[in-house]
Amino acid sequence: MSLERINPGELSPATGFSHAVTATGGRLVFLAGQTALDGAGKVVGDTLPEQFERALANLLTALAAAGGTPADLARMTVYAVDVEAYREHAAELGRVWRRLAGREYPAMAVVGVVRLWDTRAQLELDGIAVLP
């Protein structure tokens, strides 16, 4: 088995991680945690829904660079600094998901965390995709 690390230029620079990793012999894609970072590596968005939209767009950008589509997402984990706020915005987050990723949903978990790497980030998304 060999791994390929993919770091699209339109995402923030990968320092100490890869945005996507593919494994040949079954084409699994392991997607690194994405927050609401812009291309310069700065957190954008003040609200949880704004940050969710950017983080999901970043995750899907990494997946697309690896040759996948949102329908290929098999697993996603959401790490939320404030799980209650995540629950309160669930309907809006669902609308964002459907607009960006469609109606196919991966296996998911939401995990409450004390803080994330960048203290402005309110959530982080990572995932695993299986490509045909």
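## Details of the overall build of the protein chain
Reasoning step 1: Broken down by element type, the protein chain carries three helices and six strands.
Reasoning step 2: The order of helices and strands in the protein chain, counted from the N terminus, is β-β-β-α-β-α-α-β-β.
Reasoning step 3: Projected onto its principal axes, the C-alpha positions of the protein chain cover 40 × 30 × 25 Å.
Reasoning step 4: Taking all 132 residues of the protein chain together, the buried fraction comes to 40%.

## Regarding the pairing of strand β4 (residues 73-80)
Each regular strand carries side chains that alternate between the two faces of the sheet.
Reasoning step 1: Of the strand pairs in this sheet, β4 and strand β6 (residues 123-130) are connected by seven bridges, and their pairing is antiparallel. Paired with Leu73 across the bridge in β6 is Ala129.
Reasoning step 2: Examined bridge by bridge, β4 and strand β5 (residues 107-112) share six bridges and lie parallel to one another. If you follow Tyr79 over to β5, its bridge partner there is Val111.

## Re the confidence of the model for the protein chain
Reasoning step 1: Residues with a pLDDT of 70 or more make up 96% of the protein chain, whose mean pLDDT is 92.
Reasoning step 2: Predicted confidence in the protein chain is weakest over strand β1 (residues 3-6), with a mean pLDDT of 75, and strongest over helix α1 (residues 48-65), with 98.

## A word on the packing of aromatic side chains
Reasoning step 1: Inspection of the entire model under this criterion finds two aromatic pairs.
Reasoning step 2: Between the aromatic rings of Phe52 and Tyr86, the centroid separation amounts to 6.4 Å while the plane-to-plane angle is 70°, which identifies the pairing as edge-to-face. Placement of the pair is Phe52 in helix α1 and Tyr86 in helix α2 (residues 83-88), with a sequence separation of 34 residues.
Reasoning step 3: On the basis of relative accessibility, which here comes to 12%, the residue Tyr86 falls in the buried class.
Reasoning step 4: On the basis of an interplanar angle of 20° and a centroid distance of 5.9 Å, the ring pair of Trp97 and Tyr105 is categorised as stacked.

## A closer look at the layout of surface pockets
Reasoning step 1: Roughly 320 Å³ of internal volume is contained in the largest pocket.
Reasoning step 2: Lining the largest pocket are 15 residues, and of these Ser12, Phe17, Thr35, Leu37 and Trp117 lie nearest its centre.

## A short note on the pattern of salt bridges
Reasoning step 1: Tallied over the entire structure, the rule returns two salt bridges.
Reasoning step 2: For Arg120, the salt bridge goes to Asp46, with nearest N and O atoms at 3.2 Å. One end of the pair, Arg120, is in the loop between β5 and β6; the other, Asp46, is in the loop between β3 (28-34) and α1, and 74 residues separate them in sequence.
Reasoning step 3: Using a relative accessible area of 42% as the deciding quantity, one classes Arg120 as partly exposed.
Reasoning step 4: Look at Asp46 and you get exposed, because its relative accessible area is 62%.
Reasoning step 5: Of the charged contacts in the structure, one is a salt bridge between Glu53 and Arg99, with a shortest N-O distance of 3.0 Å. Here Arg99 lies in helix α3 (residues 90-101) and Glu53 lies in helix α1, a separation of 46 residues in the sequence.
Reasoning step 6: Taking the relative accessible area as the measure of exposure, Arg99 reaches 53% and is therefore exposed.

Cut-off values and rules
- Residues numbered from 1 in each chain as written.
- Predicted model: local features only at pLDDT ≥ 70, side-chain atom pairs only at ≥ 80, totals over all residues.
- Heavy atoms only, no water.
- Helix = DSSP H or I, 4+ residues; strand = E, 2+ residues; numbered from the N terminus.
- Buried < 20%, exposed > 50% of the residue type's maximum accessible area, 1.4 Å probe, protein only.
- Pairing = 2+ DSSP bridges.
- pLDDT = per-residue confidence, 0-100.
- Phe/Tyr/Trp six-rings, centres within 6.5 Å; stacked < 30°, edge-to-face > 60°.
- 1 Å grid on protein atoms, 1.4 Å probe; cavity = no way out; pocket = protein on both sides within 12 Å on 5 of 7 lines; lining within 4 Å.
- Points joined across faces, edges and corners; volume = space filled by probe spheres on them.
- Salt bridge = Lys/Arg side-chain N within 4 Å of Asp/Glu carboxyl O.

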